[in-house]
Amino acid sequence: MDLIRSFTFIAQNFFFIVAGLIGINFLVGFHELGHFLFCKLFNIRTPTFSIGFGPVLASKKIGTTNFALSAIPLGGYVEIAGSAEIGQGEQKHAHDTDAHSFARKPYYQKLLVMLGGILFNLMFAYFALTMLYWFGLPKTEFLYPRNAQPVISKIQEDSPAAKAQLQIGDRILAINNTQINDDAYKAYKTIADMPGQAVILKIQRDGQEIEIPATLDTKQSGGTDMGSLGVTFEITGTQPTSLGSAIKQGFSLANTYIINTAIAFKNIFVKRDVSKMGGPLMVISETVKAAGHSLPVFLFFLAVISINLAVLNLIPLPILDGGQILFYTIEAIIGRPLPVKAREYIHIGSWILIMGLILYLSAQDIYKIIKSYLPS
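Rules of the game
Residues numbered from 1 in each chain as written. Predicted model: local features only at pLDDT ≥ 70, side-chain atom pairs only at ≥ 80, totals over all residues. Heavy atoms only, no water. Helix = DSSP H or I, 4+ residues; strand = E, 2+ residues; numbered from the N terminus. Contact = heavy atoms within 4.5 Å. Patch = residues over 30% accessible without salt bridge, like charges linked within 9 Å, V, L, I, M, F, W, Y side chains within 5 Å. Areas by Shrake-Rupley, 256 points an atom, 1.4 Å probe, with all protein chains shown as cover. Salt bridge = Lys/Arg side-chain N within 4 Å of Asp/Glu carboxyl O. Buried < 20%, exposed > 50% of the residue type's maximum accessible area, 1.4 Å probe, protein only. Core = buried A, V, L, I, M, F, W, Y, C linked by side-chain atoms within 4.5 Å.

Here's the deal with the environment of Phe142
Residue placement: Phe142 occurs in the loop between helix H3 (107–135) and strand S3 (148–155). Among residues more than four places away in sequence, those in contact with Phe142 are Tyr257, Val297, Phe300 and Phe301.

Description of a nonpolar patch on the surface
On the surface, Trp134, Phe135, Leu243, Ile247 and Phe251 cluster together into a nonpolar patch covering about 470 Å² of accessible area. Elements with a contribution of two residues or more to the nonpolar patch: H3 and helix H6 (243–271). Looking at the nonpolar patch element by element, the count peaks at three residues for H6. Mapped onto the fold, Phe251 is located in helix H6. Given a relative accessible area of 37%, Phe251 falls into the partly exposed group.

A word on the nonpolar core
Formed by 29 residues in total, the largest nonpolar core has its most connected members in Leu129, Phe300 and Ile307. Looking at this core, the elements with two or more residues in it are H3, H6 and helix H8 (295–312). By residue number, the principal contributor to this core is H8, which donates nine residues. Filtering out sequence-adjacent residues up to four positions away, Leu129 remains in contact with Gly250, Leu253, Ala254, Phe300 and Ala303.

Listed below in structure tokens is the structure:
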């Protein structure tokens, strides 16, 4: 019966599943486009540009590059002549040393080629979030509290708000001497920056302004103490704004996500806890959900994934851009290439480590999806 429900769910949401896969592959393709364009800028040969891995479904050669669409839609790559990197095509030109090979280029060009994908992912995120603010943010919990009003819609039991006898419908006007100016995000940040502190809340209730004292709780988020009032604000969405304001707010939101993502990855390595980390299946699952919600929410979710891809690729593992940057930086310092065999063994070890992590996360994803994503 569960199997029948699962197939029914997939059939009913087939369009959104396809849209989710297309969205993920767009981000991967855009990342690889960054590498590709910097290669072209520095006259570096690129034998293959592939969206997806595995058997080639379709291909077309343009200039010296064979553009391919492959069967497994969970990644992609640009094969760069003179750059040996396991998993990046057939590697027929990995050890080329001619004038148009990566190996012959100066360090700064190698650095920019490797950073190209990361830069393009960040560019997409900045652009997408700016567009969302320009045309208006939708009413969705994904963007909370930036698309909310400082009006209380829920109060947690035994929270500072409950103890202070705040009520649903109360509008927060000021916290101590900080004017909120109808900005739920400002209220959220102001509260978060005062863990455990006593505050005076100026609120509007039934057309009257009153002041209520409260003592904030302290909660942990990303290893940092944050203040908590124990309330949820009313989600309303936001109206379209000017391009200048949209750029300011879009860049601010992107920067916030970049910092938070970097902290999250750091905590994964420091605390060695991947229980809250999603694998490929969970990313696809959540992207499909976003695609089924609305186009703006889908665009927002792609922007967040793009930021995650950018930060992930800064990690100094050899199969990621950050690891390649580390290799080429070491070579620039010591003045000679690292031994080919040593690099290959490090690559293989990294692939085994990552594939093991992906398998573990996929098993974890399947359990979570069966439990909460598929219909009951």
